[in-house]
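What follows is each chain in one-letter form.
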Amino acid sequence: MNSLYDAYILCGGRGTRLKKITGDKPKPLVKINGTPLLDIIISNLAAQTSVNRIALLAKYRHEDFHDYYMKRSFNGHGIEVLVQTSSKGTGGALLESRNHHKTEYVLLMNGDTLLNFDFINEIDQRDLSLGNIIFCTYVPNVKDYGSVEFDSDYKLTAFNEKKINDTKNGGFVYSGVAILSKKMLKSLDDTGGNFSFEKGIVSKNSCKFKVKVIDTAFLDVGTPERFDLAKSDKLSS
């Protein structure tokens, strides 16, 4: 595959559910077996020849990201830190970054999600012809994630938020990785306020998205329980 992507990692949140573990440290910088969570994510990205550049979309304690990464490189990639003007949520952060997008397609990743993902093998030109893609994987229980629904042509039909009392079992969930057309992002109105990528962009523009199912290990390190699991999981090694 010859396409190159600017990669943006969402790092602006406070990580309140992990406060007992992270303290005042941004969640992506918390260490798992001695290595910052974000280092693991960046190392995977930097190993992919399809990645053109890597930037962090930061807000909370953005100085910590700058200080840690300003003199570091990963497989020849320096790490840029783009600071939000205000706390706008993951959707607002993405739209605010639009003037920095240099490639036709943008790769978006969550800064707290571990997964084995080989972009070279998983993405090809046929996938790009689908337009905007959210990558989804199957989990035994969608309760902690919400769920994604799509039709037989893999067109997105619903992006359901997680529900505390949801007893639904297995299903497909968003893996924290998306490929987005720069043209589509430019067409969206930024109405301000704080909104998520999932609810404020994907759900509101579901007709513009398709789903690509990937068979890969997946771990959202968003709770103390899943943080403990990450320390013993091969994804963090």
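For the structure itself, consult the block above.
Residues take numbers from 1 onward in each chain, read along the sequence in its written order. Local features in a predicted model are, by the rule used here, given only for residues with pLDDT of at least 70; side-chain atom pairs are given and counted only at 80 or more, and totals for whole chains, interfaces and linings are based on all residues. In computing side-chain properties, one takes all heavy atoms of the structure into account and sets aside hydrogens as well as water.

1. As for the environment of S175
Cut-off, in case you're wondering: For helices the rule is a DSSP run of H or I covering at least 4 residues; for strands it is a run of E covering at least 2, with both sets numbered from the N terminus onward. Burial classes: relative accessible area under 20% of the type maximum marks a residue as buried, over 50% as exposed, and values in between as partly exposed (1.4 Å probe, protein chains only). By the criterion applied in these results, polar contacts are pairs of N or O atoms within 3.5 Å in which, for protein atoms, one can donate a hydrogen and the other can accept it, and in which residues neighboring in sequence qualify only through two side-chain atoms.
Locating S175 in the fold gives a position in strand β12 (residues 171–181). Note on S175: relative accessible area 0%, which makes it buried. Sequence separation between S175 and L115 is 60 residues, and the spatial gap between their C-alpha atoms is 8.0 Å. Within polar-contact distance, the side chain of S175 engages the backbone oxygen of F135 at 2.8 Å.

2. What about the pattern of salt bridges?
Let me state the cut-off plainly: Here, a salt bridge means any Lys or Arg side-chain nitrogen found within 4 Å of an Asp or Glu carboxyl oxygen.
Per the counting criterion, the structure on display carries eight salt bridges. Linking E80 and R53 is a salt bridge whose minimum nitrogen-to-oxygen distance equals 2.8 Å. Remark: R53 occurs in strand β4 (residues 51–58) and E80 occurs in strand β6 (residues 77–83); sequence separation between them is 27 residues. With a relative accessible area of 31%, E80 lands in the partly exposed category. As a salt-bridge pair, K88 and E96 come within 2.7 Å of each other at their nearest N and O atoms. On the accessibility criterion, K88 (16% relative accessible area) is buried.

3. What about the pairing of strand β7 (residues 105–110)?
Basically, it comes down to this: Two strands pair under a simple rule: DSSP has to find at least two bridges between them.
For β7, a buried count of six out of six residues is recorded, marking the element as mostly surrounded by other parts of the structure. A two-sided burial pattern is seen for β7, the buried positions comprising Y105, L107 and M109 on one face and V106, L108 and N110 on the other. Two strands pair when backbone bridges link them, and strand β1 (residues 5–10) and β7 are joined in this way by six bridges, in the parallel orientation. What sits directly across from A7, in β7, is L107. Relative to β12, β7 runs antiparallel, the two sharing five bridges. Bridging from a neighbouring strand, Y105 pairs with S181 of β12.

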